[in-house]
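Summary of structural features
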There are 2 protein chains.
Amino acid sequence: MVVYAGQGDPRRSIELLWRASVAEQRPGPKPGLSVDAIVDAAIEVADEQGMAFSMRAVGERLGRTAMALYTYVPGKNELVDLMYDRAMAELPASYPLDDGWRSAVTCWAHDLWEFYSRHPWMLQVSQARPVLGPHEFAVIEALAAILVSTGLPGRELRGIVGAVNYFVRGAAQTVAEARAAGNATGEGDEEWWYARSAVLLEIEPDLEHRFPMLHVLESDREPVDPELPYLENDAVENFRSGLKVLLDGIEGAVAKP
Amino acid sequence: MVVYAGQGDPRRSIELLWRASVAEQRPGPKPGLSVDAIVDAAIEVADEQGMAFSMRAVGERLGRTAMALYTYVPGKNELVDLMYDRAMAELPASYPLDDGWRSAVTCWAHDLWEFYSRHPWMLQVSQARPVLGPHEFAVIEALAAILVSTGLPGRELRGIVGAVNYFVRGAAQTVAEARAAGNATGEGDEEWWYARSAVLLEIEPDLEHRFPMLHVLESDREPVDPELPYLENDAVENFRSGLKVLLDGIEGAVAKP
DNA sequence: TTGCGACTCCTTACAGCGTAAAGTAACCTT
DNA sequence: AAGGTTACTTTACGCTGTAAGGAGTCGCAA
């Protein structure tokens, strides 16, 4: 199940995201935790266990019970929002345009790609409605800043920003989830693929005739890096050539009216 | 949480996907259900309640308990695989090339886009490892058949197929999940956005100065269809202009070596 | 005809989840 | 010192997927 963003109290969520809380002197025992500590711990747990991490697990990592977290954070959904935005702080806020926009967009995409593979759970936070946190803004701002330099109008920019974003996210999802599934079952990509394709060919012997174009699609394959596992190699290759096509398309839009 | 595909017994899964079961005469009571009936019911439930549907809900729709389903299907993961592939049977297996590949790809993308908005839960099935069902194959085969006509080599085709696929999926995710979130909270997009942007501007008054490029990105906006809600309109516009860029990129690859 | 074995479907049960509610102990203000 | 506020715990509820075992139904061989 995907976790949907922004379902709680808007004011509370946004105040947390922008850390707009005033640290006044108050009665009662000193807080032993903090929102930041909780978010950091939750990110660590999610990096290890995926998005199916539990509030109990986060609490345990901090030496508390699950319920202790609810003093700082309204619920798991809001915590995920905070994790999402905080993790994005890892990404650069701007990219130099010295080598032109094309190179800058490539860097942006590459950084985001690597970021997703460090934090695969990010890919399971719904993208529908933005979290509206400062770092999410900064990441899009960085891409927008590059693309604005092409002089394209807002209407086209929005489509391009979306396309680049979707592309990186999608491509990252492919490797990230392949890796996650591999880890979960303990079998690497090769074994997974081998076991299934063997059964598949046995049950449906004339696969190649039923889907001849898929066969064409599989042709002309050569490993980019023999160190990497099967599907991952595939994904890297597809990422490169797909991004190239995308950039060519932008270039076309820049050249023509 | 995203549902990962293909974690169970490979043979059992693939036999179910390709309906390779022999309906022999067997002892015991006549089956009151069938895999198809269960998959259909599950799709109906998922269309209504999203990917967080429960086995109990599916059983109830069929007048059975949850455990009755386990006679036909090994578990929820495998059921999701079957739902995924069966739903894809709705999509055309081929597209005419009479108006050229560009028009055909546009149709393919549009159909898939509409398909995802009919079955938003599809977007939450992991894409990492293909489900390897006949209809999933058919959908990719249809796109591949169009693109093979451009004469591009396999290496480039893979990147393009990936990019188009990711793009449609990503764009669809944006609307689908926006709609889902809206339904869940009962508030439409406008109210959602209004409530949050107001609080945001109150807490962070100089947003425009902190993220000037986002402001550029928001310029030049005009509603495509005033009937549609805010975010959805946005998504449709982005889909069109993003797809155009993508197609231009492919055209570039076709023209140049 | 009878009994066996395979089969469908049910009930019960368990461990895990997010979190509501209530209780306890710590601390500041008056 | 009293009272109010807060941090955190314990307990509990309803939900989830599914393991285990039992009840009833049917085909077939003896």
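Nothing here was measured: the structure is a model prediction, and the numbers come from that model.

**Quick look at the protein's contact with DNA strand C**
DNA strand C sits among 29 residues. The nearest are Arg 56 and Tyr 70 of chain A together with Pro 29, Gly 32 and Tyr 72 of chain B. Among the atoms of DNA strand C close to the protein, meaning within 4 Å, 65% are from sugar or phosphate groups. Contacts to DNA strand C include Met 55 of chain A, whose backbone N or O atom sits 3.0 Å from a phosphate oxygen. Measuring from a phosphate oxygen of DNA strand C, one finds a side-chain N or O atom of Arg 64 of chain B at 2.9 Å. Among the elements of the structure, helix 3 (55–61) of chain A together with helix 4 (66–69) of chain B are those that each provide at least two residues to the surface near DNA strand C. When the residues that make up the surface near DNA strand C are grouped by side-chain class, the tally is 14 nonpolar, eight polar and seven charged.

**Overview of helix 1 (residues 10–17) of chain B**
All names here are of chain B. Of all the positions in helix 1, only Ser 13, Ile 14, Leu 16 and Leu 17 are classed as buried. An end-on view of helix 1 places all buried positions within 160° of arc, on one side of the element. Within two residues after helix 1, Arg 19 carries a phi angle of roughly 50°, on the positive side.

**Observations concerning the environment of Gly 162 of chain B**
By the secondary structure assignment, Gly 162 of chain B is in helix 8 (residues 154–185). Each C-alpha atom, one on Gly 162 of chain B and one on Ile 140 of chain B, is 9.8 Å from the other, the two residues being 22 residues apart in sequence.

**Thoughts on the protein's contact with DNA strand D**
As a structural note, the neighbourhood of DNA strand D is formed by 29 residues, with Pro 29, Arg 64, Thr 65 and Tyr 72 of chain A together with Tyr 70 of chain B the closest of them. Of all atoms in DNA strand D that approach within 4 Å of the protein, 61% are sugar or phosphate atoms. At a separation of 2.7 Å, a phosphate oxygen of DNA strand D approaches a polar side-chain atom of Arg 64 of chain A. Counting only elements with at least two residues in the surface near DNA strand D, the list comes to helix 3 (55–61) and helix 4 of chain B. Of the residues belonging to the surface near DNA strand D, the class tally is 14 nonpolar, seven polar and eight charged.

**Looking at the UniProt feature "DNA-binding region" (unreviewed entry) in chain A**
Under the UniProt annotation, the feature "DNA-binding region" (unreviewed entry) is placed at residues 54–73 of chain A. When the span residues 54–73 of chain A is considered, its composition is 35% helix and 0% strand, and the gap between its end C-alpha atoms is 14 Å.

**What to know about the side chain of Glu 141 of chain A**
With respect to the secondary-structure elements, Glu 141 of chain A resides in helix 6 (residues 134–148). The side chain of Glu 141 of chain A is buried and forms no salt bridge, while Arg 210 of chain B, the nearest opposite charge, is found at 9.3 Å. Aside from chain neighbours lying at most four places away, what touches Glu 141 of chain A is Arg 210, Phe 211, Pro 212, Met 213 and Leu 214 of chain B.

**Looking at the pattern of salt bridges**
Taken as a whole, this structure holds 26 salt bridges over all chains when the rule is applied. For the salt bridge of Arg 86 of chain A with Asp 36 of chain A, the shortest nitrogen-to-oxygen distance reads 3.1 Å. One end of the pair, Arg 86 of chain A, is in helix 4 (residues 76–87); the other, Asp 36 of chain A, is in helix 2 (residues 35–49), with 50 residues separating them in the sequence. A salt bridge links Arg 158 of chain B to Glu 237 of chain A; the shortest N-O distance between them is 3.2 Å. Residue Arg 158 of chain B is located in helix 8, and its partner Glu 237 of chain A is located in helix 11 (residues 230–255); the two belong to separate chains. Judged on exposure class, the residue Arg 158 of chain B and its partner Glu 237 of chain A are both buried. Each of Arg 19, Asp 36, Asp 40 and Arg 86 of chain A takes part in one network of salt bridges that share partners.

**Side note on the packing of aromatic side chains**
In total, this model carries twelve aromatic pairs over all chains according to the counting rule given. Summarising the aromatic geometry, the rings of Phe 211 of chain A and Phe 137 of chain B are spaced 5.4 Å apart at their centres and angled 85° between planes, so their arrangement reads as edge-to-face. Here Phe 137 of chain B lies in helix 7 (residues 134–148) and Phe 211 of chain A lies in the loop between helix 9 (207–210) and helix 10 (212–218), a pairing that spans two chains. Of the two residues, Phe 211 of chain A and Phe 137 of chain B, both sit in the buried class. With a centroid separation of 5.8 Å and an interplanar angle of 55°, the aromatic rings of Phe 115 of chain B and Tyr 116 of chain B are classed as tilted. The same class applies to Phe 115 of chain B and to Tyr 116 of chain B, which are both buried. Cluster of aromatic residues (ring-pair linked, three or more members): Trp 113, Phe 167 and Phe 239 of chain A together with Tyr 166 of chain B. Above the ring of Phe 53 of chain A, the side-chain terminus of Lys 76 of chain A is found at 4.6 Å from the ring centroid.

**Things to note about the packing of helix 1 of chain B against helix 5 (residues 76–87) of chain B**
Residue and element names in this part refer to chain B. Packing of helix 1 against helix 5 leaves a shortest axis separation of 10 Å and a crossing angle of 30°. Considering their axes alone, helix 1 and helix 5 lie roughly parallel with respect to each other. Note on packing geometry: the crossing formed by helix 1 with helix 5 is right-handed. Residue-level inspection shows Ser 13, Leu 16 and Leu 17 of helix 1 in contact with helix 5, the latter providing Glu 78, Asp 81, Leu 82 and Asp 85.

About the thresholds
- Residues numbered from 1 in each chain as written.
- Chains lettered and ligands numbered in written order.
- Predicted model: local features only at pLDDT ≥ 70, side-chain atom pairs only at ≥ 80, totals over all residues.
- Heavy atoms only, no water.
- Near = heavy atom within 4 Å.
- Polar contact = N/O pair within 3.5 Å; in protein donor to acceptor, adjacent residues only side chain to side chain.
- Helix = DSSP H or I, 4+ residues; strand = E, 2+ residues; numbered from the N terminus.
- Nonpolar A, V, L, I, M, F, W, Y, C, P; charged D, E, K, R; others polar.
- Buried < 20%, exposed > 50% of the residue type's maximum accessible area, 1.4 Å probe, protein only.
- Arc of directions from axis to C-beta.
- UniProt positions renumbered as here; feature names shortened; annotations may be inferred.
- Lys, Arg positive; Asp, Glu negative; His and termini not counted.
- Salt bridge = Lys/Arg side-chain N within 4 Å of Asp/Glu carboxyl O.
- Contact = heavy atoms within 4.5 Å.
- Phe/Tyr/Trp six-rings, centres within 6.5 Å; stacked < 30°, edge-to-face > 60°.
- Lys NZ or Arg CZ within 6 Å of the ring centre and 35° of its normal.
- Axes fitted to C-alpha atoms, helices over the stretch in contact; angles between N-to-C directions.
- Parallel < 35°, antiparallel > 145°, perpendicular 65-115°, else oblique.
- Left-handed = near helix turned anticlockwise from the far one by under 90°.

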